[in-house]
Amino acid sequence: MNVKQQLAELLAERLEGVTAEQLAETIEYPPNPQMGDLSLPCFKLSKLLRKSPQAIAEGLAGEWSAHPLFSRIEAVNGYFNVFLEPGAFIGSVLGEVLSQKDSYGSQNIGQGRSIVIDFSSPNIAKTFHIGHLRSTVIGNALYNIFQFLGYRCVGVNHLGDWGTQFGKLIVAYKLWGDKAAVEADGIAELQRIYVKFHDEAEAKPELEDEARSWFVRLEQGDEEALALWRWFVDISLKEFHKMYDLLGVKFDSYAGESFYNDKMAAVLDELKEKQLLEEDDGALLVRLDDYDMPPALMVKKDGGTLYHTRDVTAAIYRKNTYDFEKAIYVTDAGQSLHFNQWFKVIELMGYDWAKQLVHVPFGKVSLEGAKLSTRKGNVINLEELLTKAIEKTREIIDEKNPDMPNKDEVARKVGVGAIIFNDLSNNRIKNIVFSWDEALNFDGETGPYVQYTHARACSVLRKAGISTSEGLGFGIEQVDAGLLANEEAFAAVKEIYLFRERVEQAMYKLEPSIISRYLVDLAQAFNRFYHECSILNVEDEALRKARLTLVKGVQQTLKNGLALIGLEAPEQI
Ligand code: ARG
């Protein structure tokens, strides 16, 4: 059911020259229910219709005829306010949730068209830092959202697994490396010798030449170089996978930068053919002066390719392979220029799909009371961050609910959820300061709060003998939905109703925080209802049934929303 659309269509019939789409975009949900459940502000229409807003509203009111869903209307100060018939609206919303279950809120907007989402994309042999965590969490949420809306999603982990740094790492390993230490400490050890390389190279610049020559050997397929490189990749992937498993994130492709090694030459030829490459002191670049951007360097003086070269090549490959409707790149805002540059290169190559390339930037994360990156190579360890979140949650659970079964599993779901939710709780472009107390606050606007509310709803259902997996045991036709017309219940139903719209907005704005904020609203509306209205102790059987139906509706909607942003919904906390 889409009440906004229904009202828009109804009003479009009465307003000549205005389409239902325009009206649907204009209709609002007034925050104060006294001003209607839906409201059309007539100001924007005033010019078009050559009438005052109030005259338009009154005109609509005058022509109004009785409607089963919209029971009352009024024209006030240029607004046309509409009140829903509670029974009809509530019955229909809850009926949808009960019948659609895990797919409540989904739509088939995408109709199977493809969206490629490039996210996480950490660098081999380098720490998976908090920016990669944000990319992972945001990208994963976008993946789920697009998929929920009927798109075929391809999640690509564009691993940073190529580049001159591997020449340096090989030299460092040959000079100071220790197999056992790398096997034991993984990336931390690789990072340590890499940092040592930089320190030593300051005094001994010949190390740099050696590194360059090792990278050339690597590019030429030298066995020894390749074997070491592969080993660095494996060691790193093992660590990344631990993180992805904890976060519950999967990728459809791990084609990293090295995947494009044999594909760049053709692209460089194409650039040459299209007369886009210019030589500059031995290097090859695409000038972007006309677009107020520095040139995009494509080939270095020594013949090496770059991040840009690989991104251009990867985009062409992805277009040919997946025929995407959109290719999304989730990275920190610091890379905006990089993306704008090579998006422009694709456009200059004459590809009209350049406009389907979208950079989704996000702000920085810092940790309260600690510096994330104090010295070169000394960055916060994310696995530790997640482990600590799980431990802290475990302590809270031990205090709150010591007899609960599966405490470890729940602590994992809630602890990890707290970190994910914290990353998604504000507009992505905002910088965030991570605070343990805030992220784990069960009463704040947090993941644990939403998960806890979900568990509370499950507990009510359980006490009523209703299993969350099997449904209520009675159908919506047996429910007198009109009994949920009191303020708190009605407000909660309206939140449930808004879910589908919010998911759609989150997709169009590429903004998962719309869903996390929505979930807090829904949880708050439910908790108000829970505190104001008895559920299990109600004598009247019909009222009890109606209230349990609402609890089920909230529980299902919270679960669906949490899943979209990558959080699990334990039934007990
Ligand atoms: N590896 C890069 C980094 O760590 C991110 C890659 C993003 N994706 C891309 N296609 N450029 O900063």
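All values reported here derive from a predicted model rather than from experimental measurement.

Trainee: Please clarify how the site of the ligand should be interpreted in this entry.
Mentor: Around the ligand, the surrounding shell consists of Asp118, Ser121, Asn123, His132, His158, Tyr307, Asp311, Tyr329, Thr331, Gln335 and Phe339. Between the ligand and Asn123, the relevant distance is 2.7 Å, taken from a nitrogen atom to a side-chain nitrogen or oxygen of the residue. Bound to the protein, the ligand loses 91% of the 350 Å² it would expose on its own. Breaking the shell around the ligand down by element, the ones donating at least two residues are α13 (307–322) and β9 (324–332).

Trainee: Would you explain the layout of surface pockets in this entry?
Mentor: In this approach a probe as big as a water molecule rolls over the atoms, and the regions it shows empty are the leftover space. Its volume calculated, the largest pocket comes out at about 640 Å³. At the level of elements, α5 (86–100), α19 (487–508) and α20 (513–532) are the ones that each hand at least two residues to the lining of the largest pocket. When residues of the lining of the largest pocket are assigned to their parent elements, the largest contribution, nine residues, is made by α19. There is about 440 Å³ of room inside the second largest pocket. Together, 15 residues line the second largest pocket, and Asn2, Lys4, Ala24, Glu501 and Glu504 are the ones closest to its centre. Secondary structure elements with two or more residues in the lining of the second largest pocket: α1 (3–12), α2 (20–26) and α19.

Trainee: I tried to follow the pattern of salt bridges on my own but got confused; where do I start?
Mentor: Any two side chains of opposite charge can pair, on the condition that their charged atoms come close. This structure, assessed with the given rule, holds 29 salt bridges. Here Glu347 and Lys344 are joined by a salt bridge, their closest N and O atoms 3.3 Å apart. Linking Glu347 with Lys344, this pair stays in helix α14 (residues 336–348), spanning three residues, or about one helical turn. Overall, Glu347 belongs to the partly exposed group, its relative accessible area being 43%. When its relative accessible area of 16% is taken as the criterion, Lys344 is described as buried.

Trainee: Sorry, what's going on with unusual backbone geometry here?
Mentor: In most cases, non-glycine residues show a negative phi, while peptide bonds are predominantly trans. The phi dihedral of Asn77 is positive, around 50°, even though this residue is not glycine. Positionally, Asn77 belongs in the loop between β2 (70–76) and β3 (79–84). Within the chain, Asn406 stands out as a residue other than glycine whose phi angle is a positive 50°. Assignment of secondary structure puts Asn406 in the loop between α15 (382–400) and α16 (407–423).

Trainee: What am I meant to see in the nonpolar core here?
Mentor: Taken as a class, soluble globular proteins show a tendency for nonpolar side chains to be buried jointly. Core analysis: the largest hydrophobic core is formed by 164 residues, its most contacted members being Phe70, Phe89, Phe232, Ile328 and Leu550. Beyond its immediate chain neighbours, meaning those up to four positions away, Ile328 contacts Ile115, Val116, Ile117, Asp118, Leu142, Phe146, Val358, Val360 and Leu510. In this structure, Val286, Val312, Ala327 and Trp353 belong to the second largest nonpolar core, which totals 31 residues.

Trainee: Looking at this structure, I do not really get the sheet that holds β2. What am I missing?
Mentor: Pairing between sheet strands relies on hydrogen bonds along the backbone, with the strands arranged either parallel or antiparallel. The three strands lie next to each other as β1-β3-β2, forming an open sheet whose pairing is antiparallel. Each edge of the open sheet is held by one strand with a lone partner, namely β1 (38–41) and β2. Neighbour-to-neighbour, the strand axes of this sheet turn through a mean angle of 15°, independent of strand direction. The sheet strands contacting helix α4 (residues 53–63) are β1, β2 and β3, and the helix crosses β2 at an angle near 150°.

Trainee: Whenever I open this one, α19 confuses me. Can you help?
Mentor: Given 3.6 residues per turn, any residue in an α-helix points the same way as the ones three and four places further on. The terminal C-alpha atoms of α19, which comprises 22 residues, lie 32 Å apart, in line with the 32 Å expected from a rise of 1.5 Å per residue. Along α19, the sharpest kink reaches roughly 35°, centred on Phe499. Looking at the residues trailing α19, positive phi occurs at Leu510, about 50°.

Trainee: Would you take a moment to explain helix α11 (residues 223–247) for this structure?
Mentor: With 25 residues, α11 should cover 36 Å at 1.5 Å per step; its first-to-last C-alpha distance of 36 Å lies within 8% of that length. The N-capping residue of α11, defined by a side-chain oxygen 3.1 Å from the backbone nitrogen of Glu224, is Asp222. Where α11 ends, the next residue or the one after it, Gly248, has phi of about 70°, a positive value.

Trainee: Honestly, a negative patch on the surface in this entry has me stumped. Any pointers?
Mentor: Together, Glu9, Glu13, Glu21 and Glu25 give the surface a local cluster of negative charge. Relative to the assigned elements, Glu9 resides in helix α1.

Trainee: Would you mind going over the pairing of strand β6 (residues 277–280) with me for this structure?
Mentor: Side chains on a regular strand alternate between the two faces of the sheet. Pairing analysis gives four bridges linking β6 to strand β7 (residues 283–286), with the strands arranged antiparallel. Looking at β7, one finds that Glu279 is bridged to Leu284. Hairpin connection of β6 to β7: two residues between the antiparallel strands, including Asp281 at a positive phi of 50°.

Trainee: Just to check I follow, could you spell out the pairing of β2 for this structure?
Mentor: Taken together, the six bridges between β2 and β3 define a ladder with antiparallel strand orientation. Bridging from a neighbouring strand, Glu74 pairs with Asn81 of β3. Between β2 and β3, which pair antiparallel in sequence order, lie two residues; one of them, Asn77, sits at a positive phi of approximately 50°.

Trainee: Please clarify how the environment of Val82 should be interpreted in this entry.
Mentor: Among the secondary structure elements, Val82 is positioned in strand β3. By relative accessible area, which is 0% here, Val82 ends up buried. Each C-alpha atom, one on Val82 and one on Tyr317, is 51 Å from the other, the two residues being 235 residues apart in sequence. The contact partners of Val82, leaving out residues within four places of it in the chain, are Leu7, Gly36, Asp37, Leu38, Phe70, Arg72 and Ile73.

Parameters at a glance
In this numbering scheme, every chain counts its residues from 1 along its sequence in written order. Reporting in this predicted model follows two pLDDT cut-offs: at least 70 for local features of residues, and 80 or more for side-chain atom pairs to be given and counted; totals over whole chains, interfaces and linings ignore these cut-offs and use all residues. Working from all heavy atoms in the structure, the side-chain values ignore hydrogens and water. Here, proximity means that at least one heavy atom of the residue falls within 4 Å of the molecule or strand. Counted as a polar contact is a pair of N or O atoms within 3.5 Å, where, for protein atoms, one must be capable of donating a hydrogen and the other of accepting one, and residues adjacent in sequence contribute only when both atoms are in side chains. Each accessible area is a Shrake-Rupley result for a 1.4 Å probe, and residues are judged covered by the shown protein chains and nothing else. By definition, any uninterrupted DSSP run of H or I lasting at least four residues is a helix, any uninterrupted run of E lasting at least two residues is a strand, and each is numbered from the N terminus. In this analysis the probe radius is 1.4 Å and the grid spacing 1 Å, with only protein atoms considered; a cavity is a set of points the probe fits into but cannot get out of, a pocket is an open set with protein on both sides within 12 Å along at least five of seven lines, and lining residues have an atom within 4 Å of a point. Grid points are joined across faces, edges and corners, and a volume is the space filled by probe spheres set on the points. Throughout this description, the term salt bridge denotes a Lys or Arg side-chain nitrogen within 4 Å of a carboxyl oxygen of Asp or Glu. For every residue, the accessible area (1.4 Å probe, protein chains only) is compared with the maximum for its type, and the residue is labelled buried under 20%, exposed over 50%, or partly exposed between those bounds. Only buried residues count toward a nonpolar core, which is a set of Ala, Val, Leu, Ile, Met, Phe, Trp, Tyr and Cys residues joined through side-chain atoms within 4.5 Å. Contacts were defined at the residue level, with two residues in contact if any of their heavy atoms lie within 4.5 Å. Any two strands with at least two DSSP bridges between them are considered paired. The convention used is that axes are lines fitted to C-alpha atoms, helices contributing only their stretch in contact, and that angles between N-to-C directions extend from 0 to 180 degrees. Multiplying 1.5 Å by the residue count of a helix minus one yields the expected span of that helix. Bend at a residue means the angle formed by two fitted axes: the first through the 7 residues ending at that position, the second through the 7 residues beginning there. Exposure above 30% relative accessible area and the absence of a salt bridge qualify a residue for a patch, where like charges join within 9 Å and nonpolar side chains (Val, Leu, Ile, Met, Phe, Trp, Tyr) within 5 Å. Residues scored as positive are Lys and Arg, those scored as negative are Asp and Glu, and His as well as the terminal groups of each chain are ignored. Lysine's charge is taken at NZ, arginine's at CZ, aspartate's at CG and glutamate's at CD.

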